[in-house]
Amino acid sequence: MHKNQEDENVDHSHHVDHTGHEVLFRRKFWVCLVLSIPVLLFSPMLQSWLGFSMPRFTGSDFISPFFSIIVFLYGGLPFLQMAKPEIMDRKPGMMTLISLAITIAFLYSLAALFLKGSGTFFWELVTLIDVMLLGHWIEMRSIRQASGALDELAKLRPDTAERLSQDGEVEEIPIDRLNEGDRVLVRPGGTIPADGIVEEGESDVNESMVTGESKYVRKAPESKVIGGTINQDGSLRIKITATGEETALAGIMRLVKQAQESKSKTQLLADRAAGWLFYIALGTAILTGIAWTIAIGLRVEIISRMATVLVIACPHALGLAIPLVIAITTGLGAQKGILVRDRVALEKARSVNTIIFDKTGTLTKGEFGVVGMATVDDWTEERALMFAASAESDSEHTVARGILQAAKDRGLDPPGASDFSAIKGRGVKVTVENHTIHLGGPRLMEMLHAELPPELEEFTSRGNDKGWTIIYLLQDEKPVAAFGLADVIRPESREAVRRIHEMGIKVSMVTGDSRAVAESVARELGIDEFFAEVLPEHKDKKVVELQERGDLVAMVGDGINDAPALSRADVGIAIGGGTEVAVESAGIILVNDNPLDVSRVITLSRSSYRKMVQNLVWASGYNIVALPLAAGVLAPWGILPSPAIGAVFMSLSTVIVAINAQLLKRQEL
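Below, the structure is looked at part by part. (Residues numbered from 1 in each chain as written. Predicted model: local features only at pLDDT ≥ 70, side-chain atom pairs only at ≥ 80, totals over all residues. Heavy atoms only, no water.)

We now examine the overall build of the protein chain. A count of helices and strands for the protein chain gives 24 helices and 22 strands. By sequence separation, contacts in the protein chain at least 24 residues apart represent 68% of the contacts at least 6 residues apart. Accessible surface, the protein chain: about 31,000 Å² in total, of which carbon and sulfur atoms supply 55%. (Helix = DSSP H or I, 4+ residues; strand = E, 2+ residues; numbered from the N terminus. Contact = heavy atoms within 4.5 Å. Areas by Shrake-Rupley, 256 points an atom, 1.4 Å probe, with all protein chains shown as cover.)

Quick look at the structure:
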């Protein structure tokens, strides 16, 4: 609710948006607390307990009733309004119980006011309403704080952008005037206004607020950038590719909001428990009234007992137990780059016993790279790599990109090459340092009638067993080095598999690559089983095979051809943001290209479920103990809690549940 909305605009739908009512209930609490002071001061019972007396004057007997009526109408009426849809839907719950308790106390006190010799419950009534308002305020404040991830994400978007005109002039415009295709300037320290592609400039960009990755990401021409991330040390000229609701940041906000509003199976159980508690509390109150009437006769104290039962049984803590954990879980996940699209998927993740990874783009980078190298005795790896990079300097082939990247990673500066010529289907030929250099595969060796020396022949044999592509470097037609190229395994994949194994979960892999390639990757990473040479349209069948074996399966993938398998799995996880189809098919989306986040999903799921169970046990256990106490089972020992004391204990239960949920923020992922 907006701050300037009036009280009557409270949303009285069945699922009340408590978070939006924080300001309203805070105001009502403080007003009612002030109005309650004269009620308490002029209460004969409190005067007797505390040993003081207030001055008597004409009309002083009506001070407590007068202010109690105001408190009831101003502070108590919203509870009655929110109970109406529960009754209309025939789903009585928390609001119905609160309303029943304060209505009984209010009506009885008004009647008792005109019956001489009968006690009233005005001070208990106002105290009860005050405590209920305080409990709601605390609850809404806790949920708002837990849901702060959305607010923090919204703050990432700048208010303005510096748009570049055709002639290079800079114009500062409001962010909502930015369109797809516009070019913008982002200065050092500035915030990138929307998603785009770098056209000019190089700089490090802090993407931690969106991806959860603490390391800065280097951006150069053709690099993609995300709106809301922060530029560091260089100026960037960016072409905008998405604005407004189409940006990655807006998508993340939608996913977080959707997850926070979704209901898990545990939440549905809590909702049913709240409904059951209404009937249990009502039945207990009736039995309490009958039992006390039989024991002591029809007395006013019986109303107090019945009201206390209804107040102390209020499922306030039960209603808070799950939503608050959900809010904190989704917020915590979003901060770490884990976006929960479906709450049920995250809840299921704790029970997964098999995780099946798509290989390419998930466990591997999806790009060719040098994974092995061998040289003859008088050649070093660095020299061989420099000559190979020189030969491939003008090529755009995937093999060439892999060799050039390997040289760049080692910080090598390849010598200049001349007389470049491509040998169709075989490789390339160049001149480097007055030597003729050839680079190519087995067909090049056949063409040159070159014999492999033993060390390169042994390397070739090992590489073929692993499914590598083998490329040879020849100087003056003599083989001097061999390079093994393959899809590069992500450096985090090995640790990811190890962590998953430590959780007692099996790891499988599916790929369209050859059995040799799949076996090599599986052996290197310690994967339990793999499925090779699987056509894209058949990946989901492998998921079904595992499910028919009795496994609860999570599927991790990133591409369009993974979408059927992601949908078929018990838990679908799209890694690296994936494609739009993959994201729509998955229940959980990982912003980063990091397989380690899969283990973090399992940790988050287990921690979240543990907090839900703890809260449900506390909220339910509290009522199991409190109901008999409120009914008066300890009356022979002089223990008879009043409705106000019942309200205090009920609110204490709510606070404990809220604090326990907040402890989830300490979970290391």
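So, next bit.
Let us look at helix H18 (residues 493-502). Turning to H18, its buried residues are Ser493, Ala496, Val497 and Ile500. Around the axis of H18, the buried residues are gathered within 95 degrees of arc, so they sit on the same side. Residue Gly504 follows H18 closely and has a positive phi angle near 80 degrees. (Buried < 20%, exposed > 50% of the residue type's maximum accessible area, 1.4 Å probe, protein only. Arc of directions from axis to C-beta.)

Turning next to the pattern of salt bridges. Enumeration according to the criterion identifies 24 salt bridges in this entry. Residue Arg410 is joined to Glu382 by a salt bridge in which the shortest nitrogen-to-oxygen separation is 3.3 Å. Placement of Arg410 in the loop between helix H15 (398-409) and strand E13 (418-423) and of Glu382 in helix H14 (residues 381-391) is noted, with a sequence separation of 28 residues between them. Three or more residues joined by partner-sharing salt bridges are found here, namely Arg163, Glu171, Arg177 and Asp182. (Salt bridge = Lys/Arg side-chain N within 4 Å of Asp/Glu carboxyl O.)

The next point concerns the pairing of strand E15 (residues 435-440). Bridge analysis of strand E14 (residues 427-432) against E15 gives 6 bridges, and the strand direction is antiparallel. When the sheet's bridge partners are listed, Val428 is paired in E15 with Leu439. Linking E14 to E15, which pair antiparallel, is a turn of 2 residues; within it Glu433 sits at a positive phi near 50 degrees. The pairing of E15 with strand E16 (residues 469-475) spans 4 bridges and is classified as antiparallel. Bridging from a neighbouring strand, Leu439 pairs with Leu473 of E16. (Pairing = 2+ DSSP bridges.)

Position of Thr460 relative to the elements: it lies in helix H17 (residues 454-465). Of the polar contacts made by the side chain of Thr460, one reaches the side chain of Tyr472; its length is 2.8 Å. Not counting the four nearest positions on each side in its chain, Thr460 is found in contact with Leu452, Ile470 and Tyr472. (Polar contact = N/O pair within 3.5 Å; in protein donor to acceptor, adjacent residues only side chain to side chain.)

Considering all chains together, one arrives at 7 aromatic pairs under this definition. With 6.0 Å between their ring centres and 50 degrees between their planes, Phe25 and Phe79 make a pair best called tilted. Residue Phe25 is located in helix H1 (residues 22-41), and its partner Phe79 is located in helix H3 (residues 63-88); the two are separated by 54 residues in the primary sequence. The exposure classification of Phe25 matches that of Phe79, with both residues buried. Between Phe42 and Phe57, the ring centres sit 6.3 Å apart and the planes meet at 85 degrees, which makes this aromatic pair edge-to-face. Taken together, the positions of Phe42 in the loop between H1 and helix H2 (44-50) and Phe57 in the loop between H2 and H3 put the pair 15 residues apart, joining distant regions of the chain. (Phe/Tyr/Trp six-rings, centres within 6.5 Å; stacked < 30°, edge-to-face > 60°.)

On to the packing of H1 against H3. Two packed helices can be described by the angle between their axes and the distance between those axes. Relative to each other, H1 and H3 sit at 155 degrees, their axes nearing to 8 Å. The orientation of H1 relative to H3 falls into the category roughly antiparallel. The way H1 lies across H3 gives a crossing that is left-handed. Residue-level inspection shows Phe25, Arg27, Lys28, Val31, Cys32, Leu35, Ser36, Pro38 and Val39 of H1 in contact with H3, the latter providing Ile63, Ser64, Phe67, Ser68, Ile70, Val71, Tyr74, Gly75, Pro78, Phe79 and Met82. Here the contact of H1 with H3 is composed, by residue class, of 14 nonpolar, 4 polar and 2 charged. (Axes fitted to C-alpha atoms, helices over the stretch in contact; angles between N-to-C directions. Parallel < 35°, antiparallel > 145°, perpendicular 65-115°, else oblique. Left-handed = near helix turned anticlockwise from the far one by under 90°. Nonpolar A, V, L, I, M, F, W, Y, C, P; charged D, E, K, R; others polar.)

In spatial order, the strands read E10-E22-E21-E20-E11-E18-E19; together these 7 strands make up an open sheet with mixed pairing. Of all strands in the sheet, those with a lone pairing partner are strand E10 (338-340) and strand E19 (529-531), marking the two edges. Neighbour-to-neighbour, the strand axes of the sheet open up by a mean angle of 20 degrees, direction not taken into account. For strand E21 (residues 571-575) and strand E22 (residues 588-590), the ladder comprises 3 bridges, and the chain directions are parallel. Residue pairing in the sheet places Ile573 in a bridge with Ile588 of E22. Sitting on the sheet, helix H19 (residues 515-525) is in contact with strand E18 (506-510) and E19, with an inclination near 155 degrees to E19. On top of the sheet, helix H20 (residues 539-548) reaches strand E11 (354-358), E18, E19 and strand E20 (553-557); it is set at about 170 degrees to E11, its chief contact.

Of note, Glu222 is a non-glycine position whose phi angle comes to about 80 degrees, a positive value. By secondary structure assignment, the location of Glu222 is in the loop between strand E6 (217-219) and strand E7 (224-225). Using a relative accessible area of 65% as the deciding quantity, one classes Glu222 as exposed. Even without being glycine, Asp419 reaches a positive phi, approximately 55 degrees. Relative to the helices and strands, Asp419 resides in strand E13.

Let's shift gears to H19. Of all the residues in H19, the buried ones are Val517, Ala518, Ser520, Val521, Ala522 and Leu525. Along its buried surface, H19 packs onto helix H13 (359-363), strand E17 (478-489), H18, E18 and E19. Within two residues after H19, Gly526 carries a phi angle of roughly 80 degrees, on the positive side.

Bringing a nonpolar patch on the surface into the picture now. Residues Ile286, Leu287, Ile290 and Ile294 make up a contiguous nonpolar surface patch of roughly 430 Å² in combined accessible area. Among the secondary structure elements, Ile286 is positioned in helix H9 (residues 265-296). (Patch = residues over 30% accessible without salt bridge, like charges linked within 9 Å, V, L, I, M, F, W, Y side chains within 5 Å.)

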